[in-house]
Amino acid sequence: MAALVYIHGFLSSPLSFKAQQTAQWLAQQHPEISFHCPQLPPYPAQTQLLLEALVESLLPEPVYLMGSSLGGFWATWLAEKYNLRAVLINPAVRPQDFMPAYLEVDLKSYHTDDSYRLCAHHIDEIIAVDIAPSRLQNYWLLVQTGDETLDYRKAVQKYAGCKQTIEAGGDHSFQGFERFFADCMDFFNH
């Protein structure tokens, strides 16, 4: 059975709007594809182990990746490691550059009461898995120029040579993402 792994962003959760939309659409349109959206810890080494274990439990069946924001960073790492296709939605590029602003402060999850504290060694953990895309045909980049959180141009540059959809306006949540569900499935299957 094929599986779709949706990887949420920093301090987000499986309760995110896009994750919920994706799960509902998949259940209605492709019930033969299992949906997985694990709750990720904010700590990179823990996230790495969790995502590796999940993907390895699903292989050798087809595994499709969708990653939003920091989830796009993780989807890239998984796509390279396991030669998988990935749809990246306003993905984070070089998260180690903005992590210092989050060190040694109390961080709260957007959807739960969980709180966290990042330390300097967590930057080293994220640097260790920062990888450039080499299998360009495996990626579809979806960005909106109105992203108020991340500079979309950095993603356009990092994923040069990959399939790209660049929409004017929008925001970090990627307005109207549901318009792309059917096209995402076509991308995964070709």
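Preceding this paragraph is the structure being described.
Cut-offs used in this document
- Residues numbered from 1 in each chain as written.
- Predicted model: local features only at pLDDT ≥ 70, side-chain atom pairs only at ≥ 80, totals over all residues.
- Heavy atoms only, no water.
- Phe/Tyr/Trp six-rings, centres within 6.5 Å; stacked < 30°, edge-to-face > 60°.
- Buried < 20%, exposed > 50% of the residue type's maximum accessible area, 1.4 Å probe, protein only.
- Lys NZ or Arg CZ within 6 Å of the ring centre and 35° of its normal.
- Salt bridge = Lys/Arg side-chain N within 4 Å of Asp/Glu carboxyl O.
- Helix = DSSP H or I, 4+ residues; strand = E, 2+ residues; numbered from the N terminus.

For the rest of this paragraph, the subject is the packing of aromatic side chains. Under the defined criterion, the tally for this structure stands at 13 aromatic pairs. Geometrically, the ring pair formed by phenylalanine 177 and phenylalanine 181 is edge-to-face, given 5.2 Å between the ring centres and 85 degrees between the ring planes. Overall, the relative accessible area of 1% leaves phenylalanine 177 in the buried class. Taking relative accessible area as the criterion, phenylalanine 181 reaches 3% and is therefore assigned buried. By way of ring pairs, the aromatic residues Trp25, Tyr64, Trp140, Phe174, Phe177, Phe180, Phe181, Phe187 and Phe188 are connected into one cluster. Arginine 85 extends its terminal NZ or CZ atom over the ring of phenylalanine 187, reaching a point 4.4 Å from the ring centre. Here lysine 163 stacks its cationic end above the ring of tryptophan 140, 4.5 Å away from the centre of that ring.

A few words now on the pattern of salt bridges. Across all of its chains, the model carries eight salt bridges by this definition. Two residues, arginine 117 and glutamate 104, come together in a salt bridge whose shortest N-O distance is 3.8 Å. Residue arginine 117 is located in the loop between β6 (115-116) and α4 (120-128), and its partner glutamate 104 is located in the loop between β4 (85-89) and β5 (107-108); the two are separated by 13 residues in the primary sequence. The class of arginine 117 is partly exposed, set by a relative accessible area of 36%. For the salt bridge of aspartate 106 with arginine 117, the shortest nitrogen-to-oxygen distance reads 3.1 Å. Of this pair, aspartate 106 sits in the loop between β4 and β5 while arginine 117 is found in the loop between β6 and α4, placing the two residues 11 residues apart along the sequence. Each of Glu104, Asp106 and Arg117 takes part in one network of salt bridges that share partners.

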